[in-house]
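# Per-entry structural report
If you want the building blocks of each chain, they are given just below.
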Amino acid sequence: MSDSHEIQAHTDALLPDPGHPEHHWRPTDVDPKAERRAERQVATLFGLSVVCTILFVVSYVTLQTGIGGQEFIGLGASNVALGLTLGGAFLFIGIGVIQWARKLMADVELVEERHPASSSLEDRSATVAALQAGLEESGIARRPLIRNTLVLSVGVLVAPAVVMLRDLGPLPGDKLRHTVWAKNMRVVRDVVGTPIRPADLEIGDLVNAEPEIIFGTDKGQPLPSGEVIEGSDLQVQKAKSATVLLRMDPDDIVSDVTRNWSVNGIVAYSKICTHVGCPISLNERTTHHLLCPCHQSTFDLADSGKVIFGPAGRHLPQLPLGIDDEGFLVALSDYPEPVGPSFWERETKSPQAIYDEWSKETGQ
Amino acid sequence: MSVDTSKVATSNTSAATANKPTKVGAAAEWADERLGLAAMGKKNLRKIFPDHWSFMLGEIALWSFVVLLVTGVFLTLWFRPSMAEVTYQGSYPNLRGISMSEAYSSALNISFDVRGGLLLRQMHHWAAMLFISAMMIHMLRVFFTGAHRKPRELNWVIGSLLLLLGTLEGFTGYSLPDDLLSGTGVRAADGFIQAIPIVGTYIGFFLFGGEFPGDAIIPRLYTIHVLLIPGILLGLVAAHMLLLVYHKHTQWAGPGRKETNVVGYPMLPVYAAKAGGFFFITFGVTAVMGAILSINPVWKFGPYDPTKVTAGSQPDWYMGWPDGALRIMPGWESHFWGSTWSWNIFIPVILMPMVSWMVVTSFPFLESWITGDKREHHLLQRPRNAPTRTGVMVAAMVWYAMFWLAGGNDIIAIKLHMSINQITYFLRAAVFLGPVIAFFITRRWCIALQRHDNEVLLHGYETGVIMRSAVGGYSEIHLPISEEKAYAITVRDRGPEGAGEADGPKANGKLTLRDKLRTLYYEDDVEKPTVEEIEAAHAHAAHAVEGGHDDAHAIEGGHDDARAIEGGHGEH
């Protein structure tokens, strides 16, 4: 055998190998009493497992699960009993088997020789010869036309698999750029759907809001059934159009854009974080700072929602607010820029630039 | 390979004499005539596995995977992976009458109305935690002891694939119940995907079947979770085991334990009993955890609502690391030509985990490229004997730990009344400085331990017996360590001699990158003593005891005391 076919590591032992240590008999090997005791222990453990299994079945039948069920130290008795008995049934078998191995099975350590991971040189050359013979007989090397067309035909078979994935979902289009907010749509309270008058909010109040269409109404009147948003589409629209209203002292507002889009110190911003899209919810009343609980991005609502801390890269989009003839808060338009997390195709501009474009478009 | 069973418990010896035809024998013959099992059995039934507590870590991972398969199959019997809207009418009063997805409703049903259902859910979740932590600790053990070296590099690659897929499996799993917490995780995942430059929006739309949340993501994650990833995991686990059997397990150096052999207990009966028994223990422990330790109480969070979130939203612990990176990353975004590049998301949660995984996966190849060591290794290395490697892994652990802490920055701030901003700024520096400091401390620590080994080899161990000489000086009695221990310590390469040929200087006289790294890798390594040093030290010790010194009597007296102490120490 050549060198490459022996295990090559040489660890150059400095001292002589004292050899395998002497084997010591255990008490269970030499003392019949100890042996019988160990045997009884193992059998008892297996027996305990059976007891646990029976108790498991008993608990299953007798204990009620869920809210109306019995309690045990503040936990559901059914869950605790089923888990502990099932655990016991398995643990006792495991402990028993290991006890058996440790006390009663032969405990002499044996030696096995290692062989190098590689095959022998003869095996290698035989395999290479077989491979060559096979390839030779197939003629794959001599017939490049067959080989290349085969590679090509198998290669393009990827296409059906890839093409099939096309219908996984629609193309993005401009869906991420729009929400259901629209001109004169009322800003209503989340959950209950009631419209809001500026006087309803005191300075410092934060209100979670939605566009009225989410609740299937328009100016309080039910929408025709075709226009009601339902099912998963409702979830999609809610996920984008969620909004927060905050009333602050108008003098606290720093940026002109924010002031122009506010009503009596009430500002409306997208509730969806511009980082990865968590709904932002923690309001610091005295500073007008809004903090996202997921990754702690913090936005200043007095200053165009600009990022003052955390990993978000971009200000929160602001919703232009107005008041309708009945005195309720309404949107003056959809969000002037895409809400939510970044996407590659997103055009990102400063609040001032967005405002300028918005006023040009809407003439406001 | 017969064992002297003359004294082994008699209950255990009868099998050796069973040679008359039995029913079992007939069945075995029937099977062998069709499957040829004997050839395989001959080779493997008495295969030797060495014993060491640290070899059990991989077993925990294996058996918790089995627990996952068993409990998971049961859960699929009741779970409905659908986002169709239903009104909850189950037995949990706080949510009755509320609209939710069928997935969440069936998760509640499993928790409250299926007997043992909550137990299965909690066992499944705990087993997942156990699976991933055991894989990680197993991986650390393998790396610290050099078990990833030739010929086991590919098994390391399989292992790191298992860790990656196990993590994805965990994520897809905890996203399924569609409660507020899991939905928040999916929401963030959608944000991650959209942050991928150029194709992100499209991947997101294809994965979610449109815009977030849509109605496709839960059924799709379900298929990935119960079919795709477990199938691949099963295949990889099988390959991992087969390679383990083929290579034979590594072992620690010791008397009679060499590179060329493996010493331990045979598969049948001892190893099969211990490993098999350990499955029952793992299952049992998981069941007890499921019984008394509440995990992911989905009913407390309520159904997912894209406009809501709970404070302190945290992913499962193994996702805490990229989540932490995401939290402390500065908010860098580039905008040009009408596009948005979200470095603040793409780098921490997409790029960094991928690059880290690739680096970890290629560790064995990088190391052998640097050291030039292409030999087969079957004896484990003590971490101290590879100071650079040990330092690198400890640095990686600190790196991971800092990101992981960052994943809980809000919890730390609340519990310890600290400023979240300060914690974030501190961790931004600590993720870079921490690993560097850890590397140098660990490396020097290893080198100090190598020095200590030599000290013990040459001058014996400290007995704790202090002698006062006639002239008033104090000294401690040292006694030689046992032959076995001394042998085990000295089984190691002498410096970089085991390494391959160096590249040699380049044409411009400078060292190649590889040679530079190799020099750094072995720098300051303390080599084991030479034969001469050991002989000299032994001669010196004998000389001292024989009494050439003024204080010979004292030492001899002390020697007796030390003997007594040695007796008390038991074996050395």
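Procedures and definitions
- Residues numbered from 1 in each chain as written.
- Chains lettered and ligands numbered in written order.
- Predicted model: local features only at pLDDT ≥ 70, side-chain atom pairs only at ≥ 80, totals over all residues.
- Heavy atoms only, no water.
- Axes fitted to C-alpha atoms, helices over the stretch in contact; angles between N-to-C directions.
- Helix = DSSP H or I, 4+ residues; strand = E, 2+ residues; numbered from the N terminus.
- Parallel < 35°, antiparallel > 145°, perpendicular 65-115°, else oblique.
- Left-handed = near helix turned anticlockwise from the far one by under 90°.
- Contact = heavy atoms within 4.5 Å.
- Nonpolar A, V, L, I, M, F, W, Y, C, P; charged D, E, K, R; others polar.
- Disulfide = S-S within 2.5 Å.
- Buried < 20%, exposed > 50% of the residue type's maximum accessible area, 1.4 Å probe, protein only.
- Domains from an automatic or database assignment.
- Pairing = 2+ DSSP bridges.
- Polar contact = N/O pair within 3.5 Å; in protein donor to acceptor, adjacent residues only side chain to side chain.
- Salt bridge = Lys/Arg side-chain N within 4 Å of Asp/Glu carboxyl O.
- Buried area = accessible area lost by both parts, 1.4 Å probe.
- Core = buried A, V, L, I, M, F, W, Y, C linked by side-chain atoms within 4.5 Å.
- Patch = residues over 30% accessible without salt bridge, like charges linked within 9 Å, V, L, I, M, F, W, Y side chains within 5 Å.
- Areas by Shrake-Rupley, 256 points an atom, 1.4 Å probe, with all protein chains shown as cover.
- Lys, Arg positive; Asp, Glu negative; His and termini not counted.
- Charge placed at Lys NZ, Arg CZ, Asp CG, Glu CD.

### Section: the packing of helix H3 (residues 77–103) of chain A against helix H5 (residues 117–144) of chain B
In the contact formed by H3(A) and H5(B), the axes pass within 8 Å of each other and the chain directions differ by 60°. Relative to H5(B), the element H3(A) is oriented oblique. Viewed along their axes, H3(A) and H5(B) form a crossing whose handedness is right-handed. Residues Asn79(A), Leu82(A), Gly83(A) and Leu86(A) of H3(A) pack against Leu118(B), Leu119(B), Gln122(B) and Met123(B) of H5(B). Looking at the contact of H3(A) with H5(B) residue by residue, the classes come out as five nonpolar, three polar and no charged.

### Some remarks on the state of the cysteines
All names here are of chain A. According to the stated counting rule, one finds one disulfide over all chains in the structure shown. Between the sulfur of Cys 278 and that of Cys 294 lies a disulfide, 2.1 Å long from S to S. Judged by the sign of its S-S torsion, about -90°, the cystine formed by Cys 278 and Cys 294 is left-handed. Here Cys 278 is found in the loop between strand S9 (266–270) and strand S10 (282–284), whereas its partner Cys 294 is found in the loop between strand S11 (289–291) and strand S12 (298–300), with 16 residues between them in sequence. Just as Cys 278 is buried, Cys 294 falls in that class too. With no disulfide of its own, Cys 273 lies 4.0 Å from the sulfur of Cys 292, the closest cysteine sulfur. Given a relative accessible area of 1%, Cys 273 falls into the buried group.

### Quick notes on helix H4 (residues 102–112) of chain B
All names here are of chain B. Across the 11 residues that make up H4, a large majority, nine, are buried. Of the residues making up H4, those classed as buried are Ala 103, Tyr 104, Ser 105, Ser 106, Ala 107, Leu 108, Ile 110, Ser 111 and Phe 112. As for H4, its buried residues are in contact with helix H3 (57–76), strand S2 (85–87), strand S3 (99–101), H5, helix H9 (217–247) and helix H11 (298–301).

### Regarding the domain arrangement of chain A
Each assigned domain of chain A is listed with its residue range as follows: domain 1 (27–103) and domain 2 (175–362). Placing a centre on the C-alpha atoms of domain 1 of chain A and another on those of domain 2 of chain A gives a separation of 59 Å.

### So, the sheet that holds strand S13 (residues 306–309) of chain A
Residues and elements named next belong to chain A. The strand order S10-S11-S12-S13 describes an open sheet built from four strands, whose pairing is antiparallel. A single partner strand is all that each edge strand has here, and the edge strands are S10 and S13. For this sheet, the mean inter-axis angle between neighbouring strands, taken without regard to orientation, is 35°. Pairing of S10 with S11, which is carried by three bridges, proceeds in the antiparallel orientation. Within the sheet, the bridge partner assigned to Leu 282 lies in S11 and is Leu 291.

### So, the side chain of Asn409(B)
Inspection of the secondary structure assignment puts Asn409(B) in helix H16 (residues 409–416). Its relative accessible area of 1% is what places Asn409(B) among the buried residues. Within the structure, Asn409(B) has its side chain in polar contact with the side chain of Gln296(A) (distance 3.1 Å). Apart from residues lying up to four places away in sequence, Asn409(B) is in contact with Gln296(A), Arg327(B), Ile420(B), Ile423(B) and Thr424(B).

### Some points on the pattern of salt bridges
Under the criterion given, the structure shown has 32 salt bridges over all chains. Of the charged contacts, one joins Arg257(B) and Glu109(A) as a salt bridge, the two residues approaching to 2.6 Å between their closest N and O atoms. Highlighted residues: Arg257(B) in the loop between H9 and strand S4 (261–266) and Glu109(A) in the loop between H3 and strand S3 (110–113), drawn from two different chains. Overall, Glu109(A) belongs to the partly exposed group, its relative accessible area being 30%. Note that Arg187(B) is salt-bridged to Asp190(B), the shortest N-O span being 3.2 Å. Pair noted here: Arg187(B) and Asp190(B) are both in helix H7 (residues 180–194), with a separation of three residues, about one helical turn. In this pair, the class of Arg187(B) matches that of Asp190(B), namely buried.

### Notes on the environment of Arg257(B)
Overall, the relative accessible area of 16% leaves Arg257(B) in the buried class. Placed 207 residues apart in sequence, Arg257(B) and Pro50(B) show a C-alpha to C-alpha distance of 9.7 Å. If we skip the residues at most four places from it in the chain, Arg257(B) touches Glu109(A), Gln251(B), Trp252(B), Val263(B) and Leu379(B).

### A word on the interface of chain B and chain A
At the junction of the two partners, chain B supplies 137 residues and chain A supplies 102 residues. The junction of chain B with chain A conceals about 10300 Å² of combined surface from both sides, 62% of it contributed by carbon and sulfur atoms. Contact with chain A buries surface across chain B, with Arg115(B), Glu211(B) and Thr307(B) losing the most and accounting together for 7% of the total. Taken together, the connections running from chain B to chain A amount to seven salt bridges. A salt bridge links Asp12(A) to Lys528(B); its shortest N-O distance comes to 3.4 Å. For the interface between chain B and chain A, the tally reads 38 residue pairs in polar contact (both at pLDDT 80 or more). A per-element tally of the side of chain B that touches chain A places helix H10 (residues 267–292) of chain B first, with 17 residues. Its residues assigned to classes, the side of chain B that touches chain A shows 62 nonpolar, 42 polar and 33 charged. Sheet topology places S3(A) next to S4(B); four bridges connect them, and they run antiparallel. Within S4(B), the position partnered with Glu112(A) by the bridge is Val262(B).

### Considering the nonpolar core
Membership of the largest hydrophobic core comes to 59 residues, with the highest contact counts inside it found for Phe131(B) and Phe192(B). Taken together, the elements giving at least two residues each to this core come down to H3 of chain A together with H3, H5, helix H6 (153–174), H7, H9, H10 and helix H13 (343–361) of chain B. Broken down by element, this core gets its largest block of residues, 12 residues, from H5(B). Excluding anything up to four places from it in sequence, Phe192(B) contacts Val276(A), Leu326(B), Ile345(B), Val349(B) and Ile350(B). Counting 23 residues, the second-largest nonpolar core is a separate cluster that includes Val187(A), Ala268(A), Leu319(A) and Leu321(A).

### Regarding the environment of Asp493(B)
Considering the arrangement of structural elements, one finds Asp493(B) in the loop between helix H18 (483–490) and helix H19 (513–522). Sequence separation between Asp493(B) and Arg514(B) is 21 residues; the distance between their C-alpha atoms is 20 Å.

### Quick look at a positive patch on the surface
Residue and element names in this part refer to chain A. Judged by side-chain charge, Lys 33, Arg 36, Arg 37, Arg 40, Arg 102 and Lys 103 come together as a positively charged surface patch. Where the positive patch is concerned, the elements lending two or more residues are helix H2 (32–62) and H3. For the positive patch, the leading source of residues is H2, giving four residues. Structurally, Arg 40 is set in helix H2.

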